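So the chains spell out like this:
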Amino acid sequence: MPESYLVTAGLPYANGSIHIGHLVEYLMADTYVRALRMSGHEAVFVCADDTHGTPIEINARKAGKTPQEFVALYAEEHIRDFHRFSIEFDSFSSTNSEENRRWVHEIYARLRDGGHLIERDLEQLYDTEAKRFLPDRFVKGTCPKCGTEDQYGDVCESCKTTYEPKDLINPRSVLTDSTPVLKTSTHLFVPLKTYQDFLRDWTHTESRLQPEVRKFVEAWLQEDLKDWCISRDAPYFGFEIPDRPGKFFYVWLDAPVGYIASTEQWAKTAGTPKAVDQFWREGRGKIIHIIGKDIIYFHTLFWPATLHAAGLRVPDRIQVHGMLTVDGVKMSKTRGTFINASTYLEHLDPMYLRFFLTSKTGASLTDIDLGVDEFVHRVNAELVNNLANLLSRSLSFLNTKLDGIYGHLEADTEPYILQAKEALRLGEAQYAGFDLSGAVRSALDIATLGNKLFQDGAPWKVLKEDPEKARNLVTLCLNLARAAVVMIAPALPTLAEKVYPMLGLSLRPTRFEEGAAFDLVAPRRAGAHDRIIDRITRKEFDQIVEATKALAPPAPEASPSPVEPLAPEIDIETFSKVDLRVGRVLSASTVEGATKLLRLEVDLGEDKPRQIFAGIRSAYPPEALIGKNVLVAANLKPRQMKFGLSEGMVLAAGPGGKDIWLAEFPEEVTPGNRVH
Ligand code: MSP
Ligand code: ZN
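Peer 1: Hey, could you run me through the overall build of the protein in this one?
Peer 2: Of regular secondary structure, the protein possesses 19 helices and 27 strands. Over its C-alpha trace the protein gives a radius of gyration of 28 Å, about what one expects of a compact globule, namely 26 Å for 676 residues. Projected onto its principal axes, the C-alpha coordinates of the protein cover approximately 95 × 75 × 50 Å. For the protein, the proportion of its 676 residues judged to be buried stands at 54%. For the protein, contacts bridging at least 24 residues in sequence account for 73% of all contacts bridging at least 6. Roughly 30400 Å² of accessible area belongs to the protein as shown, and the carbon and sulfur atoms make up 52% of that amount. Here the protein contributes 79 positively and 93 negatively charged side chains, and the mean placements of these two sets differ by 0 Å.

Peer 1: Just to check I follow, could you spell out helix 17 (residues 493-502) for this structure?
Peer 2: Because the α-helix completes a turn every 3.6 residues, residues three or four places apart line up on one side. Turning to helix 17, its buried residues number three or more, namely Pro-493, Leu-495, Ala-496, Val-499, Tyr-500 and Met-502. If you follow the buried residues of helix 17, they end up packed against helix 1 (20-38), helix 11 (350-360), helix 12 (372-401) and helix 16 (467-488). Gly-504 sits one or two positions beyond helix 17 and adopts a positive phi of about 85 degrees.

Peer 1: When you look at the sheet that holds strand 14 (residues 317-321) in this model, what are you seeing that I'm missing?
Peer 2: Within a sheet, adjacent strands bond to each other through the backbone by hydrogen bonds, running parallel or antiparallel. Read from one edge of the open sheet, five strands run 3-2-1-13-14, paired in parallel fashion. Two strands lie at the open edges of the sheet, namely strand 3 (91-94) and strand 14, each paired on one side alone. Averaged over all neighbouring strand pairs, the angle between strand axes comes to 25 degrees, with direction disregarded.

Peer 1: How should unusual backbone geometry be read in this particular structure?
Peer 2: In most cases, non-glycine residues show a negative phi, while peptide bonds are predominantly trans. A cis amide bond, omega -5 degrees, links Ala-234 with the succeeding residue Pro-235. Along the chain, Pro-235 falls in the loop between strand 11 (231-233) and strand 12 (247-249). In this structure, Pro-523 follows Ala-522 across a cis peptide bond, with omega equal to 5 degrees. One can find Pro-523 in the loop between helix 17 and helix 18 (538-551). Of note in the backbone geometry, Asp-150 takes a positive phi value of approximately 60 degrees without being a glycine. Here Asp-150 is to be found in the loop between strand 6 (139-142) and strand 7 (151-152).

Peer 1: Just checking my understanding: could you explain the nonpolar core for this structure?
Peer 2: The tendency in soluble globular proteins is for nonpolar side chains to be buried side by side. With 172 residues, the main nonpolar core has Leu-23, Trp-280, Tyr-344 and Phe-375 as its most contacted residues. Among all residues touching Tyr-344, those that are not within four sequence positions of it are Phe-85, Ile-339, Asp-349, Pro-350, Tyr-352, Leu-353, Phe-375 and Ile-544.

Peer 1: I would appreciate a short explanation of the packing of aromatic side chains in the present structure.
Peer 2: Both the distance between ring centres and the angle between the ring planes are used here to describe each pair of aromatic rings. For the structure on display, the rule yields 27 aromatic pairs. Ring centres of Phe-85 and Tyr-344 lie 5.8 Å apart, and the angle between their planes is 40 degrees; on these two criteria the pair is classed as tilted. Of this pair, Phe-85 sits in the loop between helix 3 (67-84) and strand 3 while Tyr-344 sits in helix 10 (residues 341-347), and the two are 259 residues apart along the sequence. A relative accessible area of 1% means that Tyr-344 is categorised as buried. An aromatic cluster is defined as three or more aromatic residues linked by ring pairs; in this entry it consists of Phe-216, Trp-220, Trp-228, Trp-252, Tyr-297, Phe-298 and Phe-302. Positioned above the aromatic ring of Phe-189, the side-chain terminus of Arg-120 is 4.4 Å from the ring centre.

Peer 1: Quick question: what am I supposed to make of the site of ligand 1 here?
Peer 2: Taken together, 23 residues surround ligand 1, and among them Leu-11, Glu-25, Asp-50, Asp-294 and Leu-324 come closest. A distance of 2.7 Å separates a nitrogen atom of ligand 1 from a polar backbone atom of Leu-11. Residue Gly-292 places a main-chain N or O atom 3.1 Å away from an oxygen atom belonging to ligand 1. In the complex, the protein chains occlude 92% of the 650 Å² of accessible area that ligand 1 would expose alone.

Peer 1: Help me out: how do you make sense of a nonpolar patch on the surface in this one?
Peer 2: The grouping of Ile-570, Ile-572 and Phe-575 at the surface amounts to a nonpolar patch, some 310 Å² of accessible area in total. Looking at where Phe-575 falls in the secondary structure, it is placed in helix 19 (residues 572-576). Judged by its relative accessible area of 37%, Phe-575 falls in the partly exposed class.

Peer 1: Where do I start with the coordination of the zinc ion (ligand 2) in this structure?
Peer 2: For a metal with four donors in a tetrahedral arrangement, the ideal angle between donors is 109.5 degrees, while six donors in an octahedron ideally sit at 90 or 180 degrees. All of the protein donors around the zinc ion (ligand 2) are Cys-143 (SG), Cys-146 (SG), Cys-156 (SG) and Cys-159 (SG); their distances to the metal are 2.3 Å. Note that the zinc ion (ligand 2) binds four donor atoms; their angles at the metal cover 106 to 113 degrees, and the shape is tetrahedral. All donors of the zinc ion (ligand 2) come from a single chain, and their spacing in sequence reads C-x2-C-x9-C-x2-C. Pair noted here: Cys-146 is in the loop between strand 6 and strand 7 and Cys-159 is in the loop between strand 7 and strand 8 (169-173), with a separation of 13 residues, a long-range link.

Peer 1: Hey, could you run me through empty space enclosed by the protein in this one?
Peer 2: Once rolled over the atoms, a probe with the size of a water molecule shows which space is left empty. Enumeration over the complete set of coordinates arrives at one cavity of 30 Å³ or more. One number sums up the size of the largest cavity: a volume of about 30 Å³. Lining the largest cavity we find Trp-228, Trp-252, Leu-253, Pro-256, Phe-298, Phe-302, Trp-303 and Thr-306. With four residues, the top contributor of residues to the lining of the largest cavity is helix 9 (residues 296-309). Among the residues making up the lining of the largest cavity, the classes are represented as seven nonpolar, one polar and no charged.

How each quantity is defined
Residues numbered from 1 in each chain as written. Chains lettered and ligands numbered in written order. Predicted model: local features only at pLDDT ≥ 70, side-chain atom pairs only at ≥ 80, totals over all residues. Heavy atoms only, no water. Helix = DSSP H or I, 4+ residues; strand = E, 2+ residues; numbered from the N terminus. Rg over C-alpha atoms; globule rule 2.2 N^0.38 Å. Buried < 20%, exposed > 50% of the residue type's maximum accessible area, 1.4 Å probe, protein only. Contact = heavy atoms within 4.5 Å. Areas by Shrake-Rupley, 256 points an atom, 1.4 Å probe, with all protein chains shown as cover. Lys, Arg positive; Asp, Glu negative; His and termini not counted. Charge placed at Lys NZ, Arg CZ, Asp CG, Glu CD. Pairing = 2+ DSSP bridges. Axes fitted to C-alpha atoms, helices over the stretch in contact; angles between N-to-C directions. Core = buried A, V, L, I, M, F, W, Y, C linked by side-chain atoms within 4.5 Å. Phe/Tyr/Trp six-rings, centres within 6.5 Å; stacked < 30°, edge-to-face > 60°. Lys NZ or Arg CZ within 6 Å of the ring centre and 35° of its normal. Near = heavy atom within 4 Å. Polar contact = N/O pair within 3.5 Å; in protein donor to acceptor, adjacent residues only side chain to side chain. Patch = residues over 30% accessible without salt bridge, like charges linked within 9 Å, V, L, I, M, F, W, Y side chains within 5 Å. Salt bridge = Lys/Arg side-chain N within 4 Å of Asp/Glu carboxyl O. Donors = N, O, S within 2.8 Å, 3.2 Å for Na, K, Ca; no water. Tetrahedral: all angles 85-135°; square planar, octahedral: opposite > 155°, others 65-115°. 1 Å grid on protein atoms, 1.4 Å probe; cavity = no way out; pocket = protein on both sides within 12 Å on 5 of 7 lines; lining within 4 Å. Points joined across faces, edges and corners; volume = space filled by probe spheres on them. Nonpolar A, V, L, I, M, F, W, Y, C, P; charged D, E, K, R; others polar.

The analysis is restricted to geometry; functional conclusions fall outside its scope.
Have a look at this one:
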C-alpha cells in the first residue's frame with residue numbers, strides 16, 4: 001500500500017563546509033527517500049541550514065560580515081555541494097526564515113499559555129568590554145580543583161573535573177582577555193520532567209527508535225530530567241523572544257522547528273500549502289528524522305517534548321547512524337582527512353563516494369569507516385569490475401557482434417530470473433529498513449550472477465556456430481544487469497541515468513518493479529554504449545588528502561613529549577597471563593557524582609555484558625561509544641567502586657583531557673575474541 005513519508009536530515013550549521021562526515025547522513029537520507037519512491041510511496045525530503053547561535057555570530061563578526069551575510073555564503077556553498085552529489089531535497093531552507101520565525105512564535109505561545117514555562121534567575125560570567133554573557137567555551141582560567149592554568153569553562157583537560165565557568169580561578173574572557181564579572185539575568189526554562197511520562201511512552205512505541213538508542217534514552221529517563229534553558233541574552237543571532245526584549249531563543253529551540261518551516265516552504269512551492277499542516281498537525285504519513293548519534297539527546301528528549309507541549313505531531317521514527325572515521329580514526333584537519341565535499345569533487349566522481357558510503361551504511365549506530373585502501377579496492381572490484389563491467393562487456397558484444405538487437409530468454413534461464421527477483425525483493429526490504437549496505441550487496445549479487453553466466457557461457461566462442469545462442473545469453477546478462485542497475489539506482493542515481501539509455505530504455509528507473517520485468521527482448525534494441533565508469537587509484541585519494549592538508553591551518557609546533565621509560569622486561573608466560581579480549585560497547589552513561597567516569601556495558605561474548613567504569617568522560621560523549629569494539633583486560637580482579645562493581649578495564653592511550661583514545665577494533669571482529 002502506498003504510504004506517505006516526511007523525511008528529514010540533520011540541519012548542517014551554516015558555519016562551515018559540508019564534509020565527508022556530513023555526507024554519510026545526507027547520502028543515507030537521499031538514498032532512503034529515492035528507495036521509498038521506487039517502492040511507490042510518496043516521500044517529501046526536507047532540510048535547511050542551521051543558522052543561529054553564538055559561534056556563528058562571533059565567526060561572522062571575525063569575518064567582517066553580518067550574520068545574515070555570513071550564513072548566506074554557506075547556504076550557497078551547501079546547496080551547490082548537495083546538488084553535485086545528487087542529494088535532492090524537496091526543500092532546503094534556512095532556520096533564519098520568516099516561516100521558521102512564525103512557527104517558533106506559535107510554539108512559544110503554546111508553551112507559555114499552556115503554563116509549560118518557568119522563569120528563573122541565572123548568575124553567569126559577563127564580559128563588560130564585549131558586553132555579553134560568556135558561554136562555557138568563551139571563558140578560560142585556572143582549574144578550581146587541580147590548579148592547572150588555561151582551562152575552558154566547562155572541564156579541566158588535566159584533571160577532567162567538570163564545573164561551571166564561574167568556578168574558574170582568575171577567569172578571562174576568550175573574546176577580550178578581560179576579567180569577566182558575575183551578572184544575574186532571568187531566563188526561561190522548559191521543565192522537562194513534566195514530560196517524563198509522555199517521553200517514556202513515546203520511547204517505547206514500537207519502531208520509534210533503534211534498540212540501542214532506546215536503551216540510551218531509557219537510561220536518561222531513569223533520573224529526573226533537568227529544566228531546559230531556552231533563552232539567551234543579547235547579543236545573539238537568533239529570534240528575539242516576543243514578550244522579552246533583549247532575550248533570544250536558544251539555537252536548539254529553533255533549529256528543529258526548521259524541519260517544520262522547511263516543510264512549509266516545500267508545501268508552498270509544490271502548490272499544496274495545506275500539506276504542512278497535514279504533516280505536522282493532522283497526521284498525514286510518517287515523520288522520520290535521520291540524524292547522527294551526536295545529537296540523539298536533542299531529538300529524543302527536547303524535540304518530542306517541545307512538539308508534544310505545543311500540541312503538534314511528534315516524530316514517528318528517529319533513525320540514528322554512526323560517525324565517519326577515516327582509516328579507523330576521527331577525521332582530522334592535520335591528517336588531511338577532514339575532507340570537504342568540494343575538495344573531494346575536484347579529484348573524483350561523486351559516484352564513487354556514493355557507492356562506498358551507502359555500501360557501508362546500515363541500521364546500526366556503529367561508526368562508519370572509510371578505509372582508504374578499502375575504498376579504492378571496493379570501488380574497483382565491485383563497482384567497476386563487477387557491475388559496470390557486466391554492462392559494458394555485454395553491451396559492447398551485443399552492439400558490435402549482433403547488431404544491438406536483443407534475443408530471447410530461453411526456458412532454462414528461469415532459475416536465474418527467479419534468483420534475481422528474489423534479490424530485488426530482498427534489496428527493496430533492505431532499503432526500507434535503512435540497511436543500505438545490504439541493498440547494495442543485493443544489487444551486486446545480481447551483477448555477480450550475470451558476470452558468471454557471461455564467463456561460463458563464453459558467447460565469444462559460441463558466436464560463430466550459433467549466433468542466436470550467443471545473443472540469448474547476452475540478452476539474459478543484460479536483463480540481469482538491468483535488474484542490478486534498478487536495485488542500485490537509489491544509491492547511484494547518476495549511474496542509472498547514464499546506463500538506461502544504453503540499454504535502450506528511456507530516462508531512468510522509477511520503480512523497483514522494472515528490475516523484475518525481464519523485457520529486454522527482441523525486437524528491442526540496445527542503445528549506443530559508452531564508457532560507464534573508470535577504475536581509480538590510491539593516488540587520487542592521496543591528492544585529496546594533500547589538498548585538505550593545504551587547507552588546514554599549520555599544526556602547532558609539536559612540543560617534544562618525553563616518552564615514558566619502558567617497564568622492566570617480562571617473559572612471554574608472564575605476558576600471556578593477561579587475558580585481553582575484544583569487547584563491544586552496548587551502552588555508556590555518565591555516573592552521578594563522578595566527573596571523570598563513564599559507566600559502560602561491554603559485551604565480551606559471555607552470557608551477560610560486563611559493567612566497566614572507565615575514566616574517559618572528558619574525551620568521549622557516551623553516545624559516541626555505542627557499538628565500538630574496544631580492548632578489554634578481561635581477567636583483572638573485579639573492583640568494587642563507590643558507584644558499583646567494575647568488571648574489567650578498557651585500554652586507552654593519550655595525555656588526558658580531550659586527548660584520550662581508546663584502542664579499537666573494526667566492527668568485523670567478534671566480541672569475546674582473545675587478543676594475542
Ligand atoms: N545543526 C545541528 C543539527 C540540528 S538538527 C535540528 C548539527 N549540525 S552539524 O552540521 O554538526 O551536523 C549535521 C548532521 O551531520 C548531524 O546529524 C550530524 O550527526 C551529522 N554529521 C556531522 N559530522 C558527521 C560525521 N563525522 N559522521 C557522520 N555524521 C556526521 O549537528
Ligand atoms: Zn584540573
